[in-house]
Amino acid sequence: MAKQKKRPEETKLDQLKYLAYVFLELDIIPTKFSPVVVKHPFTDNGVVGIPGKNGELLMVNLLDDPGALQRWKELCSQRIREADTPFKIALMITKPYQFAFLKYAAPVLSEQDLAHFLTHAWICTEEPNMDPNLSKRQLLSMFRSIDPQKLMDTDEYAVFCELDEVVTVYRGVTSYNEENIRALSWTLDRKTAEWFAGRFGESGTVYEAQISKAHIHAVFLNRGESEVIVDPKHLIDIAPVQEQAQGLEMKF
């Protein structure tokens, strides 16, 4: 078995910035909603504002104006250079590219910064369990490598510490993710799972399972979902819940 590389005590900020420059040079990918909606690590919008020669704000199309694209990249490069903390760089990356950036950034991040990057990417990504850049195994390895207290805020860690030795968890799925029952993301709240099973106008399925607290790696509360990150291999007694409440609404 290959020996795991030791994590740096402090994040290598220069290497992280170099990675950001590499991502900046990726092509902007058009979509059917272009130029308004595009895909790129530093922008979701192909029409952006850049300062003109006299300080005025100019709206430019990055897909059609090579000069404007170059000027925009220079401005992004300046933001990268001026970033004095690793997390300021993470905040520059658009949601669809969070896990891709994390994949390559992880080796140069300290444990605390990895915790910040991972938590941020997990929470802001729509389907973190199904992101193609990091497998479940890779994500679980990251969660395992971090002191749980570094992953959570004070309230979340208090809930985590108070969990029973065996915890009942729930997961709601629709036709979109019905094959992904053994995922990392479950919830302590059945009503939350019912909401996920019923979103998009579907009548999905809520599953209930048991898991030892030893195999729960984090509790996230900030989206109102009472989410728990689990090692899915250790879920037991997974079964669909027969009776589900109707007409529930999630409040964020």
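Note: the structure precedes this text.
As the structure is a prediction and not an experimental result, all values here were calculated from the model.

Asks: Help me get a handle on the nonpolar core, residues and values and all.
Replies: Within the largest apolar cluster, 64 residues are counted, with the highest numbers of intra-cluster contacts made by Phe42, Trp72, Phe101, Leu102, Leu118 and Trp186. Top element by residues in this core is helix α5 (residues 111-124). It accounts for 6 residues. Among residues more than four places away in sequence, those in contact with leucine 102 are Leu109, Leu114, Phe117, Leu118, Ala121, Leu134 and Met142. Among the nonpolar cores identified, the runner-up in size contains 5 residues, and Tyr170, Ala193, Val206 and Val241 belong to it.

Asks: Kindly report on the state of the cysteines, identifying the contributing residues and their values.
Replies: Summed over all chains, the structure comprises 0 disulfides. Here cysteine 124 stays free of any disulfide, with the sulfur of cysteine 76 as its closest cysteine sulfur at 17 Å. Here cysteine 124 falls in the buried class, since its relative accessible area comes to 19%.

Asks: Any chance you could break down the packing of α5 against helix α6 (residues 136-144) for me, citing the residues and the numbers?
Replies: Here α5 crosses α6 at 135 degrees, and the two axes come no closer than 10 Å. In terms of axis orientation, α5 runs oblique to α6. For the pair α5 and α6, the sense of crossing is left-handed. In this structure, α5 contributes Leu114, Leu118 and Trp122 to the contact, and α6 contributes Leu139, Met142 and Phe143. By residue class, the composition of the contact of α5 with α6 is 6 nonpolar, no polar and no charged.

Asks: Tell me about the pairing of strand β7 (residues 205-212), and please be specific about residues and values.
Replies: Relative to β7, strand β5 (residues 166-173) runs antiparallel, the two being bridged by 8 bridges. Among the inter-strand pairings, threonine 168 is bridged to a residue of β7, identified as glutamine 210. Bridge count for β7 against strand β10 (residues 236-240) is 3 bridges, and the pairing is antiparallel. Looking at β10, one finds that tyrosine 207 is bridged to proline 240.

Asks: Give me the lowdown on unusual backbone geometry, citing residues and values where you can.
Replies: A cis amide bond links serine 34 with the next residue in sequence, proline 35, at an omega value of 10 degrees. Of note in this structure, serine 226 is not a glycine but carries a positive phi near 45 degrees. Since its relative accessible area comes to 22%, serine 226 is described here as partly exposed.

Asks: Describe the packing of helix α1 (residues 13-24) against helix α4 (residues 98-105), with residues and values.
Replies: For the pair α1 and α4, the least separation of the axes is 10 Å and the interaxial angle reads 140 degrees. Classed by the angle they form, the pair α1 and α4 counts as oblique. Along this stretch, α1 crosses α4, giving a crossing that reads as right-handed. Here Leu16, Leu19, Ala20 and Phe23 of α1 lie close against α4, whose contacting residues are Ala100, Phe101, Tyr104 and Ala105. Across the contact of α1 with α4, the residue classes tally to 8 nonpolar, no polar and no charged.

Conventions adopted
Residues numbered from 1 in each chain as written. Predicted model: local features only at pLDDT ≥ 70, side-chain atom pairs only at ≥ 80, totals over all residues. Heavy atoms only, no water. Core = buried A, V, L, I, M, F, W, Y, C linked by side-chain atoms within 4.5 Å. Buried < 20%, exposed > 50% of the residue type's maximum accessible area, 1.4 Å probe, protein only. Helix = DSSP H or I, 4+ residues; strand = E, 2+ residues; numbered from the N terminus. Contact = heavy atoms within 4.5 Å. Disulfide = S-S within 2.5 Å. Axes fitted to C-alpha atoms, helices over the stretch in contact; angles between N-to-C directions. Parallel < 35°, antiparallel > 145°, perpendicular 65-115°, else oblique. Left-handed = near helix turned anticlockwise from the far one by under 90°. Nonpolar A, V, L, I, M, F, W, Y, C, P; charged D, E, K, R; others polar. Pairing = 2+ DSSP bridges.

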